[in-house]
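Single-letter residue listing:
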Amino acid sequence: KNGTGGKESFGAVLLNYLRGSDAHEGTGNGNGNGNGNGNGNGNGNGNGNGNGKAKFRERPNTKLGDIVHSAPLYVGPPSSNRSRDDSYLAFKSAKNSRKPIVYVGANDGMLHGFDAATGNEVLGYVPSAAFNHLSKLSDTNYIHRYYVDSTPTAADVKIGSSWKTMLVSGMGHGAKGIFGLDITNPSNFTESKASTIVGFEYPNASTPVNNADEVGFISGQIPIAKLNNGQWGAVFGNGYNNTGSGKASLFVLKIQTGNPFKRLPTGVGNTTTPNGLANPALVDTDGNGTADIAYAGDLQGNLWKFDLTSSNAAGWRRAYKLFSAGKPITQTPKVSKHPNGGYMVYFGTGKYNEVSDLKTTDTNTFYGIWDHFNRRVNKSDLVQQSVTNTISAGGNSYRLVSQNAVVYTGAQAKKGWYINLPVSGERSVSNAVIYGRRVLFNTLIPSTNGCSAGGTGWLMELDYLTGGMLTVQAFDTNNDGTVDSADAIVGGQGNSTINSMPIIIKNGAGITKISGTSDAGTDDGSGSYFGPKNRRSSWRQIISK
């Protein structure tokens, strides 16, 4: 299909090439006859004088496509904490010895599954939306493009009376839409049982045009959660470059079929100035294991709150615009409880999707917004923190940050804080992390040269309620391998590369902070926050419109 520049006429030979065969890589010439014979394999059947090899692109280093924005997802035996559900405990016991698999999307058209113990590939799934461009991979003049370029999410879900493990993923810059796979039994990963693995694709041929056109390119992990109608769903923002109304929308899909429970449009955006919604953070406000509210940001800088508390999907609605930042919000917000009630919602602004984004010099901002009053928060309700100085120590650069008080009580109570990112073009496009009473986030300062390594940035670590610099040491400024009283108190450390969401690893009595690796995982549905983790940003190609 759509084989411009490709070799789709070689049929089965091309299929084997895409599966990893190198038998027909090389610099042969001629044209196949549609079934792979003739010049395609040089066996004398068909037309032309073959030299024994099709003219397919050589892959001397690896047959696996490049992995850019997809982080590996490890799925082993069920491990969720649902002790109140006897049926889940039975499922968990039955699958206790399930073979661990690592899933990751690649720009060879496939979502791959690898045996975690051996590294052998056990699954290769090509979404329909990526299929049309597969033949381009064999072109000797191949120009890099994306295919399955987003991090998957997996969760144990109950469909009817049966528990299953479902994987859901978008395709990032590769194609519009999402797909779901039933990965409950890796022993079923065979061609003869392929139909039992494929759960859904959305949109699909039967999707009404008025819904299909609202779906754009979906990046980042998609939350999977139990909903208040008693069923399980995948909840995602409609992404970017939709060809429908241009409005930002939240989709809630049935996990068993991929059909929508409901689409919740924000009402903001149009075909002249198209908008798009990033993936949401879901919050269980009453601790009963269901998603009650969602927070998500859009390209026009609005942070939205959605109400999912009704037991009927018809009652799910856009609640209100919590905040307007005026700059694109392309990350999933992070949420934590506020000690005075309500929730703190953390997010940064900035975009890093297109070539034009490389030269954007706007001032971007990171926010901590208190959602407690069921109304919109204005910037005048917030306390500003600032980067006050940059110092050098132990061979690294560090930022000093103000420590302005944020008072959340009384007649003049504040509703949060913000800090402007001081470097021209600096932005926040990867998710934050909350650890203890701290919020950690990476910033990105892109190189204006699209062929360079990407750029630099900062790992910031601030007080989660004030956004100010901590009153204790957080970084190993003297580079002796230990964070202690001998180190300076600072608010951020320079990164020499573009990094993704910070990772916190408990290490005995202390912690290890990793600034530049990927994070992915399963959602156990037992806590108050159902948000996805994050995609990798350590190597990134910017695309043209």
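Look a little higher up for the structure.
Residues numbered from 1 in each chain as written. Predicted model: local features only at pLDDT ≥ 70, side-chain atom pairs only at ≥ 80, totals over all residues. Heavy atoms only, no water.

Caption draft 1: Geometry of the environment of G350. Within the secondary structure, G350 is located in the loop between strand 18 (343-348) and strand 19 (365-371). With a relative accessible area of 3%, G350 lands in the buried category. Through-space distance from the C-alpha of G350 to that of T365 is 8.1 Å; in sequence the pair is 15 residues apart. Discounting residues that sit within four places of it in the chain, G350 has contacts with P328, T330, N364, R427, S428 and V429. (Helix = DSSP H or I, 4+ residues; strand = E, 2+ residues; numbered from the N terminus. Buried < 20%, exposed > 50% of the residue type's maximum accessible area, 1.4 Å probe, protein only. Contact = heavy atoms within 4.5 Å.)

Caption draft 2: Examining the sheet that holds strand 14 (residues 293-297) more closely. The 4 strands lie next to each other as 13-14-15-16, forming an open sheet whose pairing is antiparallel. For this open sheet the edge positions go to strand 13 (281-283) and strand 16 (317-324), each flanked by a neighbour on one side alone. In this sheet, neighbouring strand axes are inclined to one another by 20° on average, regardless of whether the strands run parallel or antiparallel. (Pairing = 2+ DSSP bridges. Axes fitted to C-alpha atoms, helices over the stretch in contact; angles between N-to-C directions.)

Caption draft 3: Focus on the side chain of E25. Along the chain, E25 falls in the loop between helix 1 (12-18) and strand 1 (73-75). The class of E25 is buried, set by a relative accessible area of 7%. A distance of 2.8 Å separates a polar atom in the side chain of E25 from the backbone nitrogen of R59. (Polar contact = N/O pair within 3.5 Å; in protein donor to acceptor, adjacent residues only side chain to side chain.)

Caption draft 4: Expanded view of unusual backbone geometry. Between Y202 and the following residue, P203, the backbone shows a cis peptide bond with an omega angle of 0°. Looking at the element boundaries, P203 is found in the loop between strand 8 (198-202) and helix 5 (209-212). You will see that N241, though not glycine, has its phi angle at about 65°, which is positive. Checked against the element boundaries, N241 lands in the loop between strand 10 (232-237) and strand 11 (249-254). With phi around 55°, N374 is a residue other than glycine that occupies positive phi space. Along the chain, N374 turns up in the loop between strand 19 and strand 20 (383-385).

Caption draft 5: Focus on the side chain of D381. Position of D381 among the secondary structure elements: in the loop between strand 19 and strand 20. Exposure remark for D381: the relative accessible area of 15% places this residue in the buried category. For D381, the residues in contact, after removing those within four places along its chain, are R375, K414, K415 and G416.

Caption draft 6: Expanded view of the nonpolar core. In this structure, F366, W417, V439 and F441 are the most contacted members of the largest nonpolar core, which totals 21 residues. Those elements that provide at least two residues to this core are strand 18, strand 19, strand 23 (416-420), strand 25 (438-442) and strand 27 (455-463). With 3 residues, strand 27 is the largest single contributor of residues to this core. Not counting chain neighbours up to four residues away, the residues in contact with F441 comprise F366, I419, L421, S428, A432, W458, L459, M460, L462 and P502. Y88, W163, A234 and I255 belong to the second-largest nonpolar core, a separate cluster that totals 20 residues. (Core = buried A, V, L, I, M, F, W, Y, C linked by side-chain atoms within 4.5 Å.)

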